[in-house]
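Residue strings, one per chain:
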Amino acid sequence: MRYSRLTQDLAPLAGDKWALHLEALRRRDAGEPIVMLTIGEPDQPAEPSLIAATKAALDAGRTRYSNGHGELGLLEALVQRYQPRSPTPLSAANFLCLPGTQTALYVAMRAVLEPGDEVLVGDPLYATYQAVIAACGARPVFLPTSAETGFMPTADAAEQAVTQRTKALLLNSPHNPSGAVMSASLIRALGDVAQRHDLWIVADEVYEALIFDPAQTPFVSPWDWTDLQARSLLVSSISKSHAAPGFRSGWILASAETCARALPLAEAMLFGNQPFLADATAAALAEPSQVADRMRADYARRARLVEGLLERHQGLRVFAPQAGMFILVEVTALGLDGGAFAQRLLDEQGVAVMPGASFGNQLAGWLRLSLTVDDSLIAEACRRVLALARSL
Ligand SMILES: Cc1ncc(COP(=O)(O)O)c(C=O)c1O
């Protein structure tokens, strides 16, 4: 049969990154006692009020079709949630409800990119970004970052990478995989680059609720500046804030004009998400998330635990995250790349971590460890990482 060229283009961008994770799952399911520190599935149960609201909405028969824009109750809850930080008045017209940040990102990118366009994005980057950009026929232009630059792209690097074809800047703060948080001055400087070259800013803010110490590292968004709003599309969801990734409940925040232009695309894809999930999301957004408080405390404490344990070994370097559910560990000095170390860690020590290269070339010498298992398992995994490191 004749498949689209797109299926070929996307094949190497998707599956390969998760090969070690899938192998570890297979082995665990076959009975091997593998410690899984690969993906970021919260270990806390979903926010209880979310579950109660879902049951109530199901009992109330909220199982009919929705519409491409979103259920009114959820749109109003989103206005309430974002209004305090928006310098301009918001309305339902500023939002599109979609199943998760991932779908929101896809719609946002499809709404602004043409085949042949270039998208500036930091390397390392979240594992699906390349495929989303490629699905639009566009090309990522990587802005290399490092532990020394806090894994954040500089405005100078962005400026130098701009060409006639550059159409968008893809930002992610708090950042997966590094857990770094963008400062106001950096977002402003990148916003100035976007202004000078008429670029869209697509900002993935799904980890907003998981900043460990917001007083120290406050959350900042391009939306905070009135003059950047017309060119900004923000994407987020309750996946992380309410420990509910399976709900697939997310949204786009953008200008009313941008949302109106993207609406037919959202309708072409799914024609509205689920009213019972929309009701539950609206109820959950109306209250501070208790589970987010617990996750912040857990992930911050576990990150410090990993730092304390692994930095005892000279060959290992840990990048201290400011947010999120992961921690990066560099193994370059041990003479193995991250992929080889991760494979040996699985084979010899029964610990599964993500090779850094799954998140870009800049992390070829790194591992990404998930902080979503309890402290004793984290400590045990670190002891096994140390055992392998010592044996090299
Ligand atoms: C940076 C980033 N963006 C988007 C997503 C997907 O989020 P959602 O579950 O809302 O689709 C993830 C999930 O891990 C992520 O880490």
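What you see as residue numbers is a count from 1 along each chain, following the sequence as written. Given that the model is predicted, a residue must reach a pLDDT of at least 70 before its local features are reported, and side-chain atom pairs must reach 80 or more before they are shown or counted; all residues, however, enter totals for whole chains, interfaces and linings.

Draft legend 1. Structural view of the overall build of the protein chain. What the protein chain contains, in helices and strands, is 13 helices and twelve strands. Both definitions apply: the radius of gyration is a C-alpha atom measure, and the globule rule equals 2.2 Å times residues to the power 0.38. The C-alpha atoms of the protein chain give a radius of gyration of 21 Å, which matches the 21 Å a tight globule of 392 residues would have. Seen along its three principal axes, the alpha-carbon backbone of the protein chain occupies a region of about 60 × 55 × 55 Å. Burial analysis of the protein chain (392 residues in total) assigns 49% to the buried set. C-beta atoms are first placed from the backbone for all residues, and any pair lying within 7 Å is then listed as a contact. Intrachain contacts of the protein chain at a sequence separation of at least 6 include 75% that bridge at least 24 residues. Segments assigned H or I by DSSP are reported as helices when at least four residues long, segments assigned E as strands when at least two residues long, and all are numbered from the N terminus. Remark: C-beta atoms are placed from the backbone, and a residue is labelled buried if 20 or more other C-beta atoms sit within 10 Å of its own, exposed if 12 or fewer do, or partly exposed between those counts.

Draft legend 2. Molecular detail of the packing of helix α4 (residues 72-82) against helix α10 (residues 275-285). An axis is simply a line fitted to the C-alpha atoms; with a helix, the fit covers only the stretch in contact. Between two such axes, the angle follows the N-to-C directions and lies from 0 to 180 degrees. Orientation of α4 relative to α10, taken along the N-to-C sense of each, is 25°, at an axis distance of 8 Å. It follows from the interaxial angle that α4 and α10 lie roughly parallel. Where α4 crosses over α10, the two elements pack in a sense that is left-handed. Contacts from G73, L74, A77, L78 and R81 in α4 reach A278, D279, T281, A282 and L285 in α10. By residue class, the composition of the contact of α4 with α10 is six nonpolar, two polar and two charged. Each angle is binned into one of four classes, with values under 35 degrees roughly parallel, values over 145 roughly antiparallel, values of 65 to 115 roughly perpendicular, and all other values oblique. Each crossing is labelled by how the near helix is turned from the far one, with a counterclockwise turn of less than a right angle marking it left-handed and a clockwise turn marking it right-handed. Put simply, Ala, Val, Leu, Ile, Met, Phe, Trp, Tyr, Cys and Pro go in the nonpolar bin, Asp, Glu, Lys and Arg in the charged bin, and everything else, Gly too, in the polar bin.

Draft legend 3. Representation of the nonpolar core. We call a set of buried Ala, Val, Leu, Ile, Met, Phe, Trp, Tyr and Cys residues a nonpolar core when their C-beta atoms link them within 7 Å. Ranked by internal contacts, the top residues of the largest apolar core, which has 124 residues, are L96, V107, A108, M109, L169, I252 and V329. Taken together, domain 1 (5-45 + 290-391) and domain 2 (48-285) each give at least three residues to this core, which thus spans both. Setting aside chain neighbours within four positions, we find L169 in contact with L120, A158, L190, A194, L199 and I201. Segment limits for the domains were obtained from an automatic or database-derived domain assignment.

Draft legend 4. Looking closely at the pairing of strand β4 (residues 139-144). Strand pairing follows a simple DSSP-based rule, namely that at least 2 bridges must link the two strands. Inspection of the sheet shows strand β3 (residues 118-123) paired to β4 by six bridges, in the parallel sense. In the sheet register, D123 faces β4, and the bridge partner there is P144. When the strands point away from the viewer, a crossover counts as right-handed if the path from the first strand over the helix to the second runs clockwise. Between β3 and its parallel partner β4, the chain crosses via helix α6 (residues 129-135), and the hand of that crossover is right-handed.

Draft legend 5. How the structure looks around the site of the ligand. For each residue, a C-beta atom is placed from the backbone, and the residue counts as near a molecule or strand when that atom lies within 6 Å of it. Surrounding the ligand, one finds 13 residues, the nearest of these being G100, T101, Q102, S237 and S239. Counting residues per element, the shell around the ligand draws most heavily on helix α5 (residues 100-112), at three residues.

Draft legend 6. Broad picture of the environment of R368. One can find R368 in strand β12 (residues 366-370). With 29 C-beta atoms packed within 10 Å, R368 lands in the buried category. With residues near it in sequence (within four places) discarded, R368 still touches P177, F326, L328, V353, M354, G356 and F359.

Draft legend 7. Representation of the sheet that holds strand β11 (residues 351-355) in the model. Here five strands make up an open sheet; going across it, the order is β1-β11-β12-β10-β9 and the pairing mixed. In this open sheet, the two strands that pair with only one neighbour each are β1 (35-37) and β9 (317-319). If you compare each strand with its neighbour and ignore which way they point, the axes differ by 35° on average. Contacts between helix α2 (residues 19-29) and the sheet are confined to β1 and β11, with β11 contributing the most and set at about 165° to the helix.

Draft legend 8. Here's a closer look at the domain arrangement of the protein chain. Splitting the protein chain by domain gives domain 1 (5-45 + 290-391) and domain 2 (48-285). A straight line from the C-alpha centre of domain 1 to that of domain 2 covers 25 Å. The partner domain 2 presents 30 residues to the 32 residues of domain 1 that form the contact.

Draft legend 9. Structural context of the sheet that holds β3. If you trace the seven strands from one edge of the open sheet to the other, you get β2-β8-β7-β6-β5-β3-β4, paired in mixed fashion. The sheet is open, and its two edges are formed by β2 (95-98) and β4, each paired on a single side. On average, each strand axis in the sheet is tilted by 25° relative to the strand beside it, whichever way the strands run. With four bridges joining them, strand β7 (residues 232-237) and strand β8 (residues 250-253) adopt antiparallel strand pairing. Within β8, the position partnered with L234 by the bridge is L253. In this fold helix α8 (residues 184-197) packs onto β5 (166-172) and β6 (200-204), with an angle of close to 165° to the strand it touches most, β5. Seen against the sheet, helix α9 (residues 256-269) touches β2, β7 and β8 and runs at an angle of roughly 25° to β2.

Draft legend 10. Region of interest: α2. Burial in α2 covers these residues: L20, H21 and A24. Burial along α2 is one-sided: seen end-on, the buried residues are contained in an arc of 100°. In α2, the exposed positions that point more than 90 degrees away from the buried face belong to L22, R26 and D29. The inward-facing, buried residues of α2 contact β1, α12 (338-349) and β11. Trailing α2 by a residue or two, G31 shows a phi angle of about 110°, which is positive. By arc we mean the arc of the directions from the helix axis to the C-beta atoms, nothing more.

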